[in-house]
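# Overview (structure and organization)
Each chain is listed here by its residues.
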Amino acid sequence: MAASLPHFPLLSSKTTHHEAIIKHKSEIRLLENCKSIDELRQLHCHLTKIGLSHHPPAISKLITTCTDMATLPSSQHARKAFELFLQDEQTIGTVFMWNSLLRGFSLAGSFHEAILLFLEMTNKGVTPDNFTFPFVLSACARYGASSEGLQVHGLVVKLGFVDDRFISNCLIHFYGQLGEMGCAQKVFDEMCERNVVSWTSLICGYGRGDFPKEAVSLFFLMVEEGIQPNAVTMVSAISACAELGDLDAGKRVQAYIAESGVKLNTVMVNALVDMYMKCGANVAAVQLFEECVNRDLVLYNTILSNYARQGLAKETYMVLNEMLREGQWPDRVTMLSAILASSQLGDTRCGKCCHGYVLRNGFEGSDNVSNAMIGMYMKCGEQKLACRVFDLMLNKTVVSWNSLIAGFIRNGDVESALDTFNMMPCKNLVSWNTILGALLHESLFEEAIEVFRMMQGEGIEADAMTMVSVASACGYLGTLDLAKWAHAYIGKFRIPCDLQLGTVLVDMYARCGDPQSAMQVFGKMKDKDVTAWTSAIGAMAMEGNGESALELFDQMVLQGVKPDGVTFVMVLTACSHSGLVEQGMHLFFSMKEVYGISPEIVHYGCAVDLLGRAGMLGEAQDLIKSMPLEPNDVVWGALLAACRTYKNVDLAAYAAERITELSPEKSGPHVLLSNIYASAGKWNEVARVRLGLKERGVQKAAGSSSLEINGTVHEFTSGVESHPKMGDISLMLDQMNSTFVEAGYTPDLANVLLDVDEQEKKHLLGRHSEKLALAFGLISTAEGITIRIVKNLRMCPDCHSFAKLASKIYNREIVIRDNNRFHFFREGLCSCHDYWSVQLPVQYEICSEKEYHLIT
C-alpha cells in the first residue's frame, strides 16, 4: 500500500502562497481515494509531515473520509485526529466537524459513543444545527436512550427547530422506536407540514408496538388525505394487518396497492404472504408465492415459518424440498422451521438430517437452533440426544435450560426436570412456571407451594400463569387459609385476573369448601366461557345446591354459551346430590336432542348414580342395559353403591361381579360389597369377599382425616391414637358423647361392619378419624371459628349425625370434604339434606392449566 502513495516533498521557501494552496488542495483530495483504514492512516501521516494536520479543511476532509468508511476503527481514528486538532489549535472546532463525527459513529453502530460525543459538543459550547439533531436522535433511538433523547427534544425546542420537518420526522421515529406513541403522536399533530416520511414514521411506530389497529387506521387516513404511501408505509400497514389477523383490512391495503399502480416488489410480496398466512388464508398466500418470479430466501422462510407455526409439517417439508430444487440454501431461520416440522411429526430421522445439516454449516452456534433441536429430540423421545445437544452448547441460555426442563416434563421424567431446575445458574419466570406446572401435573401440590415460596424468596414476580398453578395446588390441598392467601397475593401485586385465572380461582374456592367466595369471584369475572360456567356449576354441585346449579346452567344457555360434556357431568352431579331426578334425567336426554352432544360413559354413570340415589334401582339397571356403550366399572360402581343404601344384596353381588371382570385390581367395589353383606349379617359372605381381596394382595385404605390449625396440618387415622394431644382429644370425645346422648344421640352400630360385640363396636365407632379431627378442632380453635376437615374416604352415617349435632350444640360451622362431596354443617343441618350416602361415579383432576380431564 505504501508504494502506491506518491511522495510529497516539504514545500520550499520559494513556493508562492498561491501555489501552496493549490498544492494543499490536491493533496487533501487524495483522501477521497483511500479505500481502507490502513491507506488513510498512511496518508494522514504524510499530511502531518507536510504541516497539514492543523489545517481545518484537511481535518474536515479526514473526518468525512473516515465517516464514509462507516467502521468503528475509522471513526475512532477520526476522533483521535480531531482531538489532537482541538488541543493544538486551542479551538472548539466547527459544527460541521462535530456533525461528521456524529454521523460516523452512528453509521458504525457505535450509538453510545455518538451520544457521548453530542454531550461533549454541547458542553464545549458548540451550538448544534439542523443537521446535528437527526444524527443524535437516530443514535438515541437505536441505543434506547430515552432520557438523553428527551433532553435532545428539549434542545430542539429551545433552539427553535420545532418547525423543521426533517427533525420532527426524526423525533417521531425516536419516540416510535421507544414505544412512546403518545409523544410521537403529539409531535406529529403539532407539525405545520407533514410529508410521506412523517406518516410512515408514525405508522411504523404504531406497527412496531402493541397498536397495530391504530397503524392500519392511520394508513387509511393518510390515503384519504391524499398522501401517497411509499413501499415502507405499505409494508408496515400489511404487517399491522397480519398482527391483527384482519384479513379484510389486509385485502383493502392490497387493493389500494393495485389501484395506485405500485409494482409489487419482493418485500411487499413477502409481507402479503405473511399476512395471508397469519390470517388463515393459506390458499391466497400460496397463489402470491407461486406468482412471484424472484423468490428469495426471505420469502421461502416466511412461508416455511408460517406452515410450521400452523402445525402443517408435511407442507413445510414440501416447500423446503422445492426450495432446495430451486438452488436456495437454507439458513438458520430455515432450519428452525425444518426442525420444528420434524418435532411435530415426531420424525427422528428427519430431525437427525436437520441436525447433520446444522453441524455441516456451522449453525450449532446459534442458540435458537440448538434450543429447537433440544425440543425436537425431547418430543421424539430421544432424551439422551437432547442432553448431548445441550451439553455441547457453548452458550447455554435460560431458554436452553427451560427447553430441557420442558422436555423432561413432557416425557414424564419429573425427577430429571427438578434436578435440572435446581442446577440452573439463572432462572426466569418461565423456568418457575414450567416447574410449577410439572409439580401440579404430578399431584405434588405441597411441593408446588414450597417452590412458589422459594420463587418469592428470590424476588421473582409472579404472573397470571404462576398463580393458575398456585391456585390449583391450593384447591387440591383443600386448605382455605392458603387459598385466601393466594387470592390476596393476586390482589396485592395487581396480577391481571384473566379468564383462565378467574376460572381456577372459582374452582379453588369450591374445592376448599367456600362456595360463597367461589361465586363472588365468578360474579366479578367480565368474560365467562364454558369452562368458567362449568366451574361455577361444579361449586354448587360440591355444596349440594342443585337448584342453584340448574339456575346457572339456564343462565349460561341464555347468554349463548354452549355447554360441553364436562358441563353436563357437573350439572348431573348437582342433580344427583340434591335428589332432582326428573330435572337431571331431562338434562341427560336433552344432551343429544338439544345440544348435539352424544352422552359418553361418564354421563351414563352420572345418570345411573342419579337414579340409584333415588332408590330407582330397576330404572338404573334398565338404563345400563340400554347403553350403546359397554358399561365400565364406574357405571357398575354407581349401581353397587346404591344397592348398599337400599340393601339390595342380589343386585349388589351382580354389579360386583361385573366390576371384578372389568377391574380386578380395584379394592373399593369389593369393600363396598363386603359392607353390604355385613349390613345384611351375612358374615360368611363378608369373609369370602375379604379373603379374595387378601389373596390378590389388595388392601383397603385406612380412613384418615386432616385439618389445619395455625398453619400446621394434623392428620388422624381411624383407630390410631398416636397424636400428642390424644389425652385431651379422648376427654373431649367422652364429653361430646355424653352431651350428645342427652340430646338424643344413639350410636349407629350398624356402621361397624365387623363381627364383634356391642362394646367393641361402640369403641371402634367412637374412634373414626373424622370424630378425632372434630374433637381436636373444637379444643384447638376459638368459639365461632369454622372447622374444616378433609377425609380420604366417604363419611359413615353415624359420623354424619355426630357432626350435625356438634354444629348445633357447639354453635360451629363444620365443613367436611370426603371423597364424595362437601358437607356443610350449620345449626344441626347438613347441606346434603342427608341425601349423601352413595359414592360419586367420577372425580376430576386438573391435568393442565386450561382444561379438565375426567378420571373414570
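Above: the structure in question.
Quick caveat, the model's predicted, so the values are computed rather than measured.

Attention now goes to the sheet that holds strand β4 (residues 814-817). Within the open sheet, the 6 strands sit side by side as β2-β1-β3-β4-β5-β6. Their pairing is mixed. Pairing within the sheet leaves two strands with one partner each, and these edge strands are β2 (712-717) and β6 (829-830). Contacting β4, β5 (822-826) and β6, helix α44 (residues 797-809) crosses the sheet at an angle of about 35° to β5.

Across all of its chains, the model carries 4 cavities of 30 Å³ or more by this definition. Approximately 50 Å³ is the volume attributed to the largest cavity. Per-element accounting of the lining of the largest cavity gives the leading share, 3 residues, to strand β3 (residues 787-791). Here the lining of the largest cavity is composed, by residue class, of 5 nonpolar, 2 polar and 3 charged.

Here we take up unusual backbone geometry. For R494, which is not glycine, the phi dihedral falls at a positive 50°. Backbone geometry at N811 places phi at a positive 50°, although glycine is not the residue there. Mapping N811 onto the fold places it in the loop between α44 and β4. Under the relative-accessibility criterion, N811 is labelled exposed at 60%.

Between the first and last C-alpha of helix α37 (residues 633-645) there are 19 Å, a value that for 13 residues agrees with the 18 Å anticipated at 1.5 Å per step. With 12 of 13 residues buried, α37 is to be regarded as a mostly interior element. Buried within α37 we find D633, V634, V635, W636, G637, A638, L639, L640, A641, A642, C643 and R644. Between the side-chain oxygen of the N-cap and the backbone nitrogen of V634 there are 3.1 Å, and the N-cap of α37 in question is N632. Remark: K647 follows α37 within two positions and exhibits a positive phi of approximately 55°.

This next bit is on the side chain of S403. When you line up the elements, S403 lands in helix α23 (residues 398-410). We classify S403 as buried; its relative accessible area is 17%. With residues near it in sequence (within four places) discarded, S403 still touches N371 and I374.

This part takes up the environment of A773. The topology assignment puts A773 in helix α43 (residues 769-780). Through-space distance from the C-alpha of A773 to that of I789 is 7.1 Å; in sequence the pair is 16 residues apart. Sequence-distant contacts of A773, defined by excluding residues within four places in its chain, comprise S705, L707, F716 and I789.

So, how was this worked out
Residues numbered from 1 in each chain as written. Predicted model: local features only at pLDDT ≥ 70, side-chain atom pairs only at ≥ 80, totals over all residues. Heavy atoms only, no water. Pairing = 2+ DSSP bridges. Helix = DSSP H or I, 4+ residues; strand = E, 2+ residues; numbered from the N terminus. Contact = heavy atoms within 4.5 Å. Axes fitted to C-alpha atoms, helices over the stretch in contact; angles between N-to-C directions. 1 Å grid on protein atoms, 1.4 Å probe; cavity = no way out; pocket = protein on both sides within 12 Å on 5 of 7 lines; lining within 4 Å. Points joined across faces, edges and corners; volume = space filled by probe spheres on them. Nonpolar A, V, L, I, M, F, W, Y, C, P; charged D, E, K, R; others polar. Buried < 20%, exposed > 50% of the residue type's maximum accessible area, 1.4 Å probe, protein only. Expected span 1.5 Å × (residues − 1). Polar contact = N/O pair within 3.5 Å; in protein donor to acceptor, adjacent residues only side chain to side chain.

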